[in-house]
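This is what each chain is made of:
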Amino acid sequence: MTVALREAWRTVVPDRNDRHGPLQPLMLVLTVVTGLVDAFSYLSLGHVFVANMTGNVVFGGFAIAGVGGFSLVATVVALAAFAGGALLGGRVIRRGEAHRAGILYRALVVEVLLVGAAFVVAELSGTPGQDGTRYPLLVLLGLGLGVQNATARSLAVPDLTTTVLTLTITGTAADSRLAGGPGSRAGRRLLSAAAMFLGGLIGALLLHSGRHAAPLLIATVLLAVACITARRLARSRAPWTQAP
């Protein structure tokens, strides 16, 4: 337990000589954003995710089987938007200097604009997902989270993908001392899961209280703070700024 707590602390407050440096807490912030945005999309836009594409593939099967509450069109739109965002993210990553904080900054500029635009649409509509706003919101958020995922993949901070937790949870259990493993990185992995849980919890509570656009507002603010931080970090020439 002490080791796990120490690992969690070093993820939030990394050592200056850490291989991934301040990218770790920024990835945690983006993981919270994922929870917020997916809570909004699933609960407000009709049982569809804009970040967790594994769920959408399964939901597509549900829709084809005729299960109520699932839309094949919405699922396909979300998948296509996410793929388009990942494509856009790939171009952003390869444009400019190969500085890890610089890459993150460029990607976050795009994501802030997309998620911020989704917030404006949701706020003006009053009832997101209705009055023709469902698909524009799916497109804007899918594009934004696609950019985020492509960037997280490029930065390659272990166990902090900002979206996929299946392997993270698997690694926590399979590498534990109970399973005969080294028990390494449990603190970081559990922190990643907790970050997404927190985002989902906050998003659901806000939606349940009738604040339909609030999860997107908080997500936009978090992304803006991360973007400003990444811009400052882009001046660094520390070893962590170079690709692994």
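Only a predicted model underlies this, so the values are computations on that prediction, with no experimental measurement involved. (Residues numbered from 1 in each chain as written. Predicted model: local features only at pLDDT ≥ 70, side-chain atom pairs only at ≥ 80, totals over all residues. Heavy atoms only, no water.)

S.K.: Mind showing me how you'd approach unusual backbone geometry here?
M.R.: Note: most residues except glycine have negative phi, and most peptide bonds are trans. Although it is not a glycine, His47 adopts a positive phi angle of roughly 55°. Located in the positive-phi region is Thr162, a residue other than glycine, with phi close to 75°. Examined against the element boundaries, Thr162 turns out to sit in the loop between α6 (134–155) and α7 (166–174). Here Thr162 falls in the buried class, since its relative accessible area comes to 1%. (Helix = DSSP H or I, 4+ residues; strand = E, 2+ residues; numbered from the N terminus. Buried < 20%, exposed > 50% of the residue type's maximum accessible area, 1.4 Å probe, protein only.)

S.K.: Could you clarify how one ought to interpret the side chain of Asp38 in this entry?
M.R.: With respect to the element layout, Asp38 can be found in helix α2 (residues 23–44). At 13 Å, Arg134 is the nearest oppositely charged side chain to Asp38, a buried residue that forms no salt bridge. Discounting chain neighbours no more than four positions away, the residues touching Asp38 are Phe49, Val50, Ala51 and Asn52. (Lys, Arg positive; Asp, Glu negative; His and termini not counted. Salt bridge = Lys/Arg side-chain N within 4 Å of Asp/Glu carboxyl O. Contact = heavy atoms within 4.5 Å.)

S.K.: Could you clarify how one ought to interpret the environment of Gly89 in this entry?
M.R.: Here Gly89 lies in helix α4 (residues 72–93). With a relative accessible area of 0%, Gly89 lands in the buried category. Expressed as a C-alpha distance, the spacing of Gly89 and Thr151, which sit 62 residues apart in the sequence, is 6.3 Å. Once residues within four sequence positions are removed from consideration, Gly89 is found in contact with Val147 and Ala150.

Any functional reading would require information that these geometric values do not contain.
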